[in-house]
Amino acid sequence: MSKEKLSRISISLPETLLEGLDRMVSERGFESRSQAICDMINLQLNEHKAKQGNDLMTGTVNIMYNHSTPELQKKLHRLQFEYIDEVISSLNVNLTDTNTLSIILVQGPADKLNMIANKMITLRGVNYGKLLLNSCIIPPIHPLQK
């Protein structure tokens with residue numbers, strides 16, 4: 001595998017910002033300022049893509065819900081089946097006698113994944129929910145025959 005071609009840029013920073021960058025580089029264990037800045041730029045580019053709309057992305061819908069809420073589990077399962085082309089897998093962990101953590105692996109256009117996550121997160125009984133997207137995709141999975 002060949003290395004990607006590098007380009008040099010020059011930036012100007014206020015001293016306090018540079019000091020903060022150097023502290024973060026040291027505390028997080030980056031090899032260099034360049035590596036830390038690349039990491040930050042990748043994070044911002046990923047967040048930008050996630051908001052753009054139809055870029056293909058992979059992510060997780062993380063929700064914490066009260067599993068004793070009537071019909072909530074059925075509604076969550078129905079949504080996962082309704083969007084079976086985008087929902088790849090899910091993991092449910094019972095944390096307490098009433099709380100379940102659900103991690104749902106999704107892949108598809110960013111705008112559709114945001115819509116699916118919003119449908120899940122806004123259900124009555126969901127205490128917390130967040131969609132985490134990244135621009136890497138898993139190998140293509142063929143949709144079921146219609």
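Up top is the structure these notes are about.
In what follows, the accompanying structure is described.

Analysis parameters
Note that residues are indexed from 1 along each chain, following the sequence as it is written. It should be noted that, the model being predicted, local features are given only for residues of pLDDT at least 70 and side-chain atom pairs only at 80 or more, the latter also being counted only at that level, while totals for whole chains, interfaces and linings use all residues. As a rule here, side-chain values cover all heavy atoms of the structure and leave hydrogens and water aside. Burial classes: relative accessible area under 20% of the type maximum marks a residue as buried, over 50% as exposed, and values in between as partly exposed (1.4 Å probe, protein chains only). Each helix is a run of H or I in the DSSP string that is no shorter than four residues. Each strand is a run of E no shorter than two, and both are numbered from the N terminus. Here the arc refers to the directions that run from the helix axis out to each C-beta atom. The contact definition used throughout considers only heavy atoms, calling two residues in contact when any of these lie within 4.5 Å. What goes into a patch is any residue over 30% in relative accessible area without a salt bridge, connected to like charges within 9 Å or, for nonpolar side chains (Val, Leu, Ile, Met, Phe, Trp, Tyr), within 5 Å. For every accessible area listed, the method is Shrake-Rupley and the probe measures 1.4 Å; residues are considered covered only by the protein chains on display. Should a side-chain nitrogen of Lys or Arg be within 4 Å of a carboxyl oxygen of Asp or Glu, the pair is scored as a salt bridge. Counting rule applied: Lys, Arg positive; Asp, Glu negative; His and chain ends not counted. In this description, the location of a charge corresponds to atom NZ of lysine, CZ of arginine, CG of aspartate or CD of glutamate.

Details of helix α3 (residues 72-82)
Working step 1: L72, L76, L79 and Q80 are the residues of α3 that are buried. Burial along α3 is one-sided: seen end-on, the buried residues are contained in an arc of 100°. Opposite the buried face of α3, by more than 90 degrees, sit the exposed residues K74, R78, F81 and E82.
Working step 2: At its buried positions, α3 is contacted by β1 (56-66), β2 (87-94), β3 (99-109), α4 (110-121) and β4 (126-134).

Some words on the environment of D97
Working step 1: Here D97 is to be found in the loop between β2 and β3.
Working step 2: Given a relative accessible area of 69%, D97 falls into the exposed group.
Working step 3: A C-alpha to C-alpha distance of 8.6 Å links D97 and H67, two positions 30 residues apart in sequence.

Description of a positive patch on the surface
Working step 1: There is a patch of like positive charges on the surface, built from K74, K75, R78 and R124.
Working step 2: Inspection of the secondary structure puts K75 in helix α3.

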